[in-house]
Amino acid sequence: MRNLDGMSETLTIGGDLEVRRLGFGAMRITGSGIWGPPDDPDEARAVLRRAVELGVNLIDTADSYGPEVSENLIAEALYPYPDELVIATKGGLRRTGPGQWPRDARPERLKECCEGSLRRLRLERIDLYQLHSPDPAVPLEDSLGALKELQDEGKIRHIGVSNVSLDEFELARELIDVVTVQNRYNLVDRHAEDVLDACEDAGIGFIPWFPLATGDLAKPGSPLDEVARAHDATPGQVATAWLLARSPVTLPIPGTSSVAHLEENLAAGELRLSDPEVDGLAEQVRGRSAA
Ligand SMILES: NC(=O)c1ccc[n+]([C@@H]2O[C@H](COP(=O)([O-])OP(=O)(O)OC[C@H]3O[C@@H](n4cnc5c(N)ncnc54)[C@H](OP(=O)(O)O)[C@@H]3O)[C@@H](O)[C@H]2O)c1
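Quick caveat, the model's predicted, so the values are computed rather than measured. (Residues numbered from 1 in each chain as written. Predicted model: local features only at pLDDT ≥ 70, side-chain atom pairs only at ≥ 80, totals over all residues. Heavy atoms only, no water.)

### Regarding the nonpolar core
Note the threshold: We call a set of buried residues a nonpolar core when its members are Ala, Val, Leu, Ile, Met, Phe, Trp, Tyr or Cys and they connect through side-chain atoms within 4.5 Å of each other. Note on exposure labels: buried denotes an accessible area under 20% of the residue type's maximum, exposed denotes more than 50%, and partly exposed covers the range between, all computed with a 1.4 Å probe on protein chains only. Whether two residues touch is decided by their heavy atoms; if any such pair falls within 4.5 Å, the residues are in contact.
In this structure, L147, V181, F206, V238, W242 and L273 are the most contacted members of the largest nonpolar core, which totals 50 residues. Residues within four places of V181 in sequence aside, it is in contact with V161, V164, F169, V195, C199, I204, G205, F206 and I207.

### Describing the site of the ligand
Basically, it comes down to this: Consider each residue's heavy atoms; a residue with any of them within 4 Å of a molecule or strand counts as near. We get accessible surface area from the Shrake-Rupley algorithm with a probe of 1.4 Å; when it comes to residues, only the shown protein chains can shield them. Computed over the protein atoms alone on a 1 Å grid, cavities are sets of points where a 1.4 Å probe fits but cannot get out and pockets are open sets with protein on both sides within 12 Å along at least five of seven lines; a residue lines them when it has an atom within 4 Å of a point. A molecule is counted as occupying a cavity or pocket when more than half of its atoms fall within 2 Å of that pocket's grid points. A helix here means a DSSP run of H or I that spans at least four residues, while a strand means a run of E at least two residues long, and both kinds are numbered starting from the N terminus. Each residue gets one label: Ala, Val, Leu, Ile, Met, Phe, Trp, Tyr, Cys and Pro are nonpolar, Asp, Glu, Lys and Arg are charged, and the others, such as Gly, are polar.
Close to the ligand lie 27 residues, the nearest being D60, L212, T256, S257 and H261. Expressed as a share of its isolated accessible area of 890 Å², the protein-covered part of the ligand is 87%. A molecule is said to occupy a pocket when more than half its atoms come within 2 Å of that pocket's grid points, and by this definition the ligand occupies the largest pocket. Counting residues per element, the shell around the ligand draws most heavily on helix α9 (residues 259-267), at three residues. Here the residues of the shell around the ligand are counted per class, giving eleven nonpolar, twelve polar and four charged.

### What about a negative patch on the surface?
Basically, it comes down to this: Here the term patch refers to residues with relative accessible area over 30% and no salt bridge, with like charges joined within 9 Å and nonpolar side chains (Val, Leu, Ile, Met, Phe, Trp, Tyr) within 5 Å. Basic side-chain nitrogens of Lys or Arg form a salt bridge, by our definition, when they fall within 4 Å of a carboxyl oxygen of Asp or Glu. Positive charges come from Lys and Arg, negative ones from Asp and Glu, while His and the chain ends are left out of the count. A charged residue contributes its charge at one atom only: NZ of Lys, CZ of Arg, CG of Asp or CD of Glu.
Together, D167, E170, E174 and D194 make up a negatively charged patch on the protein surface. For the negative patch, the element with the most residues is helix α5 (residues 166-175), which contributes three residues. Tracing the backbone shows E170 in helix α5.

### Quick look at helix α4 (residues 140-152)
Which entries qualify depends on this criterion: Given the number of residues in a helix, its expected span is that number minus one, multiplied by 1.5 Å. By construction, the arc corresponds to the directions joining the helix axis to the C-beta atoms.
Over its 13 residues, α4 extends 18 Å from the first C-alpha to the last, a length consistent with the 18 Å expected when each residue adds 1.5 Å. Along α4, the positions that sit buried rather than exposed are L140, S143, L144, A146, L147 and L150. Projected down its long axis, α4 carries its buried residues within an arc of 145°, all on one side. Positive phi appears at G154, one or two residues downstream of α4, with a value of about 85°.

### So, the packing of aromatic side chains
Our working rule: Working definition: a ring pair exists when centres of Phe, Tyr or Trp rings (six-membered ring for Trp) sit within 6.5 Å. Plane angles under 30 degrees give stacked, over 60 give edge-to-face, the rest tilted. Whether a charge sits over a ring depends on NZ of Lys or CZ of Arg being within 6 Å of the ring centre and within 35 degrees of the ring normal.
By the definition in use, this model includes five aromatic pairs. Taken together, a centroid distance of 5.4 Å and an interplanar angle of 85° make the contact between Y79 and Y81 edge-to-face. Ring geometry for Y185 and F206: centres 5.7 Å apart, planes at 90°, overall edge-to-face. Here F206 lies in strand β9 (residues 205-209) and Y185 lies in the loop between β8 (178-184) and α6 (193-202), a separation of 21 residues in the sequence. With a relative accessible area of 0%, Y185 lands in the buried category. A network of ring pairs unites the aromatic residues Y185, F206 and W242 as a single cluster. In this structure, R95 is placed above the aromatic ring of W101, and the distance from its NZ or CZ to the ring centre is 3.7 Å.

### Some points on the layout of surface pockets
Which entries qualify depends on this criterion: Grid points are joined across faces, edges and corners, and a volume is the space filled by probe spheres set on the points.
Put simply, the largest pocket is a space of about 770 Å³. Around the largest pocket sit 33 residues that line it, and M27, R28, W209, F210 and T214 are the ones nearest its centre. Residues of the lining of the largest pocket, tallied by class, amount to 13 nonpolar, 15 polar and five charged.

This is the structure we're talking about:
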């Protein structure tokens, strides 16, 4: 396995937030079904501290993770925050039980979500606030209009969107200054390829959620094995390195509740795949699961 001895290059979000391209997704530091506290809160806090110690300066979370649990743990573990740390949170989903995520992106609800996140994260301004998902019951103009108002009030520095189609992304860009897009994307699930390409054209950060396909891509027994062996790496590290190589605007945020997995995941920032490896992997896994 590759060990961590440095970090990947950086990307500047919104013209003024320079982040290392390999971040941390803080959804997994909660209970089963992303509901309630994690089994081991001390380990969860240790994961967050270790991430920052190892150079991570982009942490992704949401009010709905737990709900509230992930944001609270971030503040407990890391406040007062290092200057360069960018905490990206989201609003626009409700939680009604484990594994349930109904959408609610009404303007008044988004404002409530943002106020709650500011309080829990102990921030006066959130560096990157993302609309968690467009709500089919609410015009996108209204949801993004609420975030723009929060931005004008100084409560949000930059706005990102998540789970958007190409049409929604383009509409959002007409309405506000979109600095990041966060969509599901990994080596075996490339439905968001069109959005990623549009982000690359526009120089906008693309945060691929589900980078390890819930750990499936970290397991042995897939086409990743051969490339992993060639680089003395693990399959999960190859999956992450593939995302970093796929486009200069990707910002993978592998999530984990374990310090050992975190260290393994961050070491992928050192792994450089050749162009034939990047293309070959994409070809080999096309239309099949890597698990
Ligand atoms: N915008 C959205 O709608 C949305 C949706 C989902 C997620 N996200 C964000 O994206 C982040 C990443 O997505 P994700 O957490 O679902 O998926 P992921 O990073 O693809 O996978 C996380 C899962 O893989 C396991 N894992 C992590 N590292 C591993 C390793 N080295 N070896 C073996 N297993 C490993 C974790 O278990 P362990 O805890 O045991 O390591 C966890 O179950 C989330 O944390 C969240 O911030 C956003």
